[in-house]
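Structural overview for review
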Amino acid sequence: MYTIKPLLNINKTITVPPDKSISHRAVILSSLCKGKTTIKPFIESDDILATLNCMKKLGAGAKLTKKSLTINSAGMYFNPKLKKTPISLFAAESGTTMRILSGLLVCQKFTAIFKAAPSLSKRPMERVITPLKKMGAIISGTFKDDKISGKRDIYPPLRIEPAKKIKAGEFKLEIASAQVKSAIMLASLYANGITTITEPYKSRDHTERMLKLFGAGVMAKDTTIACQPVEGLISPKELFIPADFSSAAFFIVLGLILKNSRLIIKDVNTNPTRCGLLNVLKRMGANIKITNEKNAYEPYADIVVESSQLKATIVEPYEVPSMIDEIPVLCVASSFAKGRTEIKGVKELKVKETDRVKSMMVNLSRAGVDICEESYGDDLKIVITDIGKPKPVNFESFHDHRTAMSMIIFAMALEGESRIDDTRCINKSFPEFISLVKSLYK
Ligand code: S3P
């Protein structure tokens, strides 16, 4: 149990860890290009270490210092040290590791068994398996009935065998998913022609940006991208990773909901495909400024927030992909907003690390917030109505990092002490979260 005391106000400049999504891609692409690439700063969170461990097992050399990681690699085809086949890889609890890396493994010349920790073993994989099979991949998992949707899906462990040929194709994705898009993009590097992918709405474009940086031919127009096969990738030698907007989001909301506060968060990734929350919060009356804007292969800037009286808004489905991981903390912000907030098109939240619609309903309603889930066509919406001051209670993390951090931020703005059952899960993306929170009380 972790106790959360109320925080009256803040006036500080902080930094949050390097972006998790960009770091996964940095480790993977650095392991595919010939030679050395230094990734700096490097985040040693559970999910990123899961990707790094897989790449090391496949044969990439890795030298970790306190602030950076240097990867030394041999090229597009791995030659794992272990001669016994199949090679066994472990994605731990990282969905991004398993889904994105599957796109790379299907193109290799050895058999791999891709295993997952129990929580990831409950997450659906059909979404990556079907398009990869269309490209000629030989990949399978276990068919089971999904408890939430009632739909049959395919679950880890995955068995991946060498494909005869990887075929280029045209893909129209039913859901906007950067993980699925990225798996197809990695496979398309090995294909026999140009592969195109169209999404219903644009999901985060970190793979597109990083592949271009590594010399691959990627063209993007609206929600369609075209990827060319490559002979090899070229290392940029040094790769700067901006701070994670999804981690910054917790403190952005904290700065807004506390009274008499001002917070500056340094060098945060401001990629528009990730920062949908900023537009929604601004519409809610949030006092947020973006300063010191810089541009590398990804844009980044300092984010300045000041206490604001928020008002409710309606979030449309097209806005959700650019803030998919921030919906829990938006629910926290909405609990302090005047009026009725609707967040439409949130069905995908049910298949994240946990069912985040349920975890927000359980936690926020326990604290006295009027929150409910309603159907919205064949999708769902969350409705939060302002009914006055929420109260401190015992919160449940459901062992999901973003739920735990959202509830801690919420609890810091309440009058009185709250508690939460688990904080260990936060190491998945933000190992320094608790020490950063503690530093805000000093
Ligand atoms: C991610 C994509 C998103 C996001 C996840 C990280 C990525 O998942 O929720 O935390 O790095 O590509 P989906 O692709 O399932 O939307």
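Here the focus is the overall build of the chain. When helices and strands are tallied, the chain shows twelve helices and 23 strands. Taken over the C-alpha trace, the chain has a radius of gyration of 21 Å; the compact-globule value for 442 residues is 22 Å, and the two agree within 12%. The dimensions of the chain, computed from C-alpha atoms along their principal axes, are 60 × 45 × 40 Å. In the chain, buried positions account for 59% of the 442 residues. Working note: accessible area of the chain is about 17,900 Å², and carbon and sulfur atoms make up 51% of it. Side chains of the chain carry 66 positive and 45 negative charges; the gap between the two charge centres is 6 Å.

With that out of the way, let us pick up empty space enclosed by the protein. A full pass over the atoms with the stated rule returns two cavities of 30 Å³ or more. Reported here for the largest cavity is a volume of approximately 50 Å³. Every residue lining the largest cavity is listed: Arg25, Ile28, Leu29, Ile100, Ser182, Leu186, Thr207 and Met210. The class makeup of the residues in the lining of the largest cavity is five nonpolar, two polar and one charged. By volume, the second largest cavity is sized at about 40 Å³. A per-class count over the lining of the second largest cavity returns three nonpolar, four polar and two charged.

Surveying the vicinity of the ligand reveals the residues Ser21, Arg25, Thr96, Ser177, Ala178, Gln179, Arg204, Ile324, Asp325 and Lys352. Note that an oxygen atom of the ligand is positioned 2.6 Å from one of the side-chain N or O atoms of Ser21. When the ligand is considered free in solution it has 390 Å² of accessible area, and contact with the protein chains removes 94% of it. The residue inventory of the shell around the ligand, partitioned by class, reads two nonpolar, four polar and four charged. Split by domain, the residues of the shell around the ligand number at least three in each of domain 1 (2-17 + 242-439) and domain 2 (20-240).

The next thing to look at is the pattern of salt bridges. Applying the stated criterion across every chain, the model contains 30 salt bridges. Across the salt bridge formed by Arg274 and Asp244, the nearest N and O atoms sit 2.9 Å from each other. Placement of the pair is Arg274 in the loop between strand E15 (262-269) and helix H8 (276-283) and Asp244 in the loop between strand E14 (238-240) and helix H7 (245-257), with a sequence separation of 30 residues. Each member of the pair, Arg274 as well as Asp244, is classed as buried. Residues joined by salt bridges that share partners form a network here, namely Lys20, Asp47, Arg123, Arg204, Asp325, Glu353, Arg356, Asp400, Arg402 and Lys428.

Attention now goes to helix H2 (residues 46-58). Over its 13 residues, H2 runs 19 Å from end to end, which matches the ideal 18 Å to within 8%, given 1.5 Å per residue. The set of residues buried in H2 consists of Asp47, Ile48, Ala50, Thr51, Leu52, Cys54, Met55 and Leu58. Of the surrounding secondary structure, the elements contacted by the buried residues of H2 are helix H1 (20-30), strand E4 (61-64), strand E5 (69-73), strand E6 (87-90), helix H3 (95-105) and strand E7 (112-115). Gly59 sits one or two positions beyond H2 and adopts a positive phi of about 120 degrees.

A few words now on the packing of aromatic side chains. Summed over all chains, the structure comprises eight aromatic pairs. Here the aromatic residues Phe250, Phe251, Phe430 and Phe433 are joined through ring pairs into a cluster of three or more. Over the ring of Tyr77 we find Lys109, and its NZ or CZ is 4.4 Å from the ring centre. When the ring centre of Phe171 is taken as origin, the NZ or CZ atom of Lys134, which lies over that ring, is 4.7 Å away.

Attention now goes to the sheet that holds strand E21 (residues 379-385). Read from one edge to the other, the open sheet built from four strands follows the order E18-E19-E21-E20, with strand pairing classed as mixed. Every interior strand has two partners, whereas the edge strands, strand E18 (314-315) and strand E20 (370-376), have only one. Inspection of the sheet shows strand E19 (residues 340-344) paired to E21 by five bridges, in the antiparallel sense. Bridge assignment links Thr341 to a residue of E21, and that residue is Ile384.

A few words now on the pairing of strand E3 (residues 35-40). The two faces of a sheet get side chains in turn, since along a regular strand they alternate between them. One ladder, built from five bridges, connects E3 with E5; its direction is antiparallel. When the bridges of E5 are listed, Ile39 appears paired with Leu69. In the sheet, E3 pairs with E14 via three bridges, with the strands oriented parallel. For Thr38, the partnering residue across the bridge sits in E14 and is Glu238.

Before going further, it helps to spend a moment on the nonpolar core. One finds Phe251, Ile252, Leu281 and Phe433 to be the most contacted residues of the largest nonpolar core, which totals 75 residues. Contact partners of Leu281, with chain neighbours within four places excluded, come to Ile252, Val253, Leu256, Ala286, Ile288, Leu330 and Ala333. Core analysis: the second largest hydrophobic core is formed by 71 residues, Ile48, Phe78, Phe171 and Ile184 among them.

Time to look at the state of the cysteines. Scanning the model with the defined rule gives zero disulfides in all. Looking at the unpaired Cys33, the closest cysteine sulfur is the one in Cys107, lying at 17 Å.

So, on to the domain arrangement of the chain. We note that the domain assignment places domain 1 (2-17 + 242-439) and domain 2 (20-240) within the chain. In this structure, domain 1 and domain 2 have C-alpha centres spaced 28 Å apart. Contacts between the two partners involve 29 residues from domain 1, matched on the other side by 27 residues from domain 2. For the pairing of domain 1 and domain 2, the buried interface totals around 2,500 Å² over both sides, and the portion due to carbon and sulfur atoms is 55%. Looking at the side of domain 1 facing domain 2, the largest losses of area belong to Thr273, Tyr297 and Lys428, adding up to 28% of the total buried there. In this assembly, domain 1 and domain 2 are joined by five salt bridges. Close ionic contact of Asp46 with Arg424 constitutes a salt bridge, the shortest N to O distance being 3.0 Å. At the boundary of domain 1 with domain 2, the tally comes to 15 residue pairs in polar contact (both at pLDDT 80 or more).

What counts and how
Residues numbered from 1 in each chain as written. Predicted model: local features only at pLDDT ≥ 70, side-chain atom pairs only at ≥ 80, totals over all residues. Heavy atoms only, no water. Helix = DSSP H or I, 4+ residues; strand = E, 2+ residues; numbered from the N terminus. Rg over C-alpha atoms; globule rule 2.2 N^0.38 Å. Buried < 20%, exposed > 50% of the residue type's maximum accessible area, 1.4 Å probe, protein only. Areas by Shrake-Rupley, 256 points an atom, 1.4 Å probe, with all protein chains shown as cover. Lys, Arg positive; Asp, Glu negative; His and termini not counted. Charge placed at Lys NZ, Arg CZ, Asp CG, Glu CD. 1 Å grid on protein atoms, 1.4 Å probe; cavity = no way out; pocket = protein on both sides within 12 Å on 5 of 7 lines; lining within 4 Å. Points joined across faces, edges and corners; volume = space filled by probe spheres on them. Nonpolar A, V, L, I, M, F, W, Y, C, P; charged D, E, K, R; others polar. Near = heavy atom within 4 Å. Polar contact = N/O pair within 3.5 Å; in protein donor to acceptor, adjacent residues only side chain to side chain. Domains from an automatic or database assignment. Salt bridge = Lys/Arg side-chain N within 4 Å of Asp/Glu carboxyl O. Expected span 1.5 Å × (residues − 1). Contact = heavy atoms within 4.5 Å. Phe/Tyr/Trp six-rings, centres within 6.5 Å; stacked < 30°, edge-to-face > 60°. Lys NZ or Arg CZ within 6 Å of the ring centre and 35° of its normal. Pairing = 2+ DSSP bridges. Core = buried A, V, L, I, M, F, W, Y, C linked by side-chain atoms within 4.5 Å. Disulfide = S-S within 2.5 Å. Buried area = accessible area lost by both parts, 1.4 Å probe.

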